[in-house]
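Coordinate analysis (summary)
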Amino acid sequence: MSLDLAIGTTAPAETGTGTGTTAPAAEVAGGTAPAAPGEPRAPLTPNTLRRIVRDLAEQPDQWIHHVRLSTEERWYRRLTADEDHEVWLISWLPGQSTGFHDHGGSRGAFTVALGELEELSLGGPEQGLLIRRVPAGTTRAFGPEYVHDVRNTASGPAVTLHAYSPPLSSMAHYELRAGGLVRTSQEGPEQW
């Protein structure tokens with residue numbers, strides 16, 4: 001997924017193939033409390049990020065009008081960008097996927113607002129590859145070291161909401177090989 005990082009109370013429209021404007025953070029995600037003057041904000045917890053995307057999914061009037069579908073690749077749009085977190089809207093057509101990737105040390109959460117996805121991750125030596133069905137209404141949250149692959153294996157489109165804290169600064173991509181995951185590339189903001 002190609003993303004662009006902008007920090008502030010609002011961000012310019014950042015989309016894969018969509019267009020439009022970005023709503024103020026407090027309007028879409030409920031806002032966050034300011035840090036003490038001169039102090040950086042601590043990253044939000046996965047549970048807080050889970051609550052942000054779950055609550056937003058229950059307010060489709062805040063995001064449904066932004067959704068676009070792209071046959072070439074997943075479509076995405078940043079809805080908010082604050083100092084301590086950002087929220088993205090992503091649409092998926094059947095067959096579209098992220099490939100295995102990390103989140104550059106950010107914590108995260110995503111919820112399937114419409115449709116159904118599949119998530120792949122490694123569960124350790126005893127568990128091997130874990131495959132989870134992620135139907136509409138399901139929310140997944142994860143810590144800063146999490147690596148996964150999200151894909152649409154269903155017959156129809158899907159729409160998801162994602163939150164990351166701190167906002168994404170890099171993403172590494174991986175290939176699954178017999179010995180496990182092998183890092184193949186790294187993306188930074190200059191590529192988004």
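Residues numbered from 1 in each chain as written. Predicted model: local features only at pLDDT ≥ 70, side-chain atom pairs only at ≥ 80, totals over all residues. Heavy atoms only, no water.

Here we take up the overall build of the chain. The helix and strand tally for the chain stands at two helices and eleven strands. What you see in the chain, going N to C, is helices and strands ordered as α-α-β-β-β-β-β-β-β-β-β-β-β. Counting over 192 residues, the chain shows a buried share of 45%. Sequence separation of at least 24 residues holds for 71% of the intrachain contacts in the chain that already meet a minimum separation of 6. Looking at the chain as shown, the accessible area adds up to about 8900 Å², and 50% of this sits on carbon and sulfur atoms. (Helix = DSSP H or I, 4+ residues; strand = E, 2+ residues; numbered from the N terminus. Buried < 20%, exposed > 50% of the residue type's maximum accessible area, 1.4 Å probe, protein only. Contact = heavy atoms within 4.5 Å. Areas by Shrake-Rupley, 256 points an atom, 1.4 Å probe, with all protein chains shown as cover.)

Once that is clear, we can look at the sheet that holds strand E2 (residues 86–92). Reading across from one edge, E1-E2-E9-E4-E7 is the order of the five strands in this open sheet, with antiparallel pairing throughout. Both outer strands of the open sheet, strand E1 (75–81) and strand E7 (139–142), are each paired with one neighbouring strand and no more. For this sheet, the mean inter-axis angle between neighbouring strands, taken without regard to orientation, is 15°. Relative to E2, E1 is paired through six bridges, and the arrangement is antiparallel. Looking at the pairing, Tyr76 lines up with Ile90 of E2. Helix H2 (residues 46–57) rests against E1, E2, strand E4 (107–114), E7 and strand E9 (158–165) of the sheet, and its axis sits at about 20° to E4. (Pairing = 2+ DSSP bridges. Axes fitted to C-alpha atoms, helices over the stretch in contact; angles between N-to-C directions.)

The antiparallel open sheet is built from three strands, whose spatial order is E3-E10-E11. Each end of this open sheet is capped by a strand with a single partner; those strands are strand E3 (100–101) and strand E11 (180–187). Summarising the sheet, E3 and strand E10 (residues 171–177) pair through two bridges and their orientation is antiparallel. Directly across from Phe100, in E10, lies its bridge partner Tyr174.

Right, let's get into empty space enclosed by the protein. Under the definition given, this model contains one cavity of 30 Å³ or more. Each pocket or cavity is described by its volume, and for the largest cavity that value is around 90 Å³. Lining the largest cavity are 14 residues; nearest its centre among them are His101, His103, His148, His162 and Tyr164. Of the residues in the lining of the largest cavity, the class split is eight nonpolar, five polar and one charged. (1 Å grid on protein atoms, 1.4 Å probe; cavity = no way out; pocket = protein on both sides within 12 Å on 5 of 7 lines; lining within 4 Å. Points joined across faces, edges and corners; volume = space filled by probe spheres on them. Nonpolar A, V, L, I, M, F, W, Y, C, P; charged D, E, K, R; others polar.)

This brings us to H2. Its twelve residues give H2 an end-to-end C-alpha distance of 16 Å, which sits within 8% of 16 Å, the value for a rise of 1.5 Å per residue. When we look at burial in H2, the residues that qualify are Leu49, Ile52, Val53 and Leu56. Down the axis, H2 shows its buried residues gathered within 85° of arc, on one side only. (Expected span 1.5 Å × (residues − 1). Arc of directions from axis to C-beta.)

Most of E1 is tucked away: seven of the seven residues are buried. Two successive antiparallel strands, E1 and E2, enclose a turn made up of four residues.

Turning to the pattern of salt bridges, a few remarks are in order. Considering all chains together, one arrives at seven salt bridges under this definition. Here Glu116 and Arg133 are joined by a salt bridge, their closest N and O atoms 3.1 Å apart. Taken together, the residues span a long stretch of sequence, with Glu116 in strand E5 (residues 116–122) and Arg133 in strand E6 (residues 129–135) at a distance of 17 residues. Among the salt bridges present, the one from Glu119 reaches Arg140, with a minimum N-O distance of 2.6 Å. (Salt bridge = Lys/Arg side-chain N within 4 Å of Asp/Glu carboxyl O.)

Moving on: a nonpolar patch on the surface. Together, Leu122, Leu129, Ile131 and Leu176 make up an exposed nonpolar region whose accessible area comes to about 340 Å². Looking at the secondary structure, you find Ile131 in strand E6. Classification of Ile131 as exposed rests on a relative accessible area of 54%. (Patch = residues over 30% accessible without salt bridge, like charges linked within 9 Å, V, L, I, M, F, W, Y side chains within 5 Å.)

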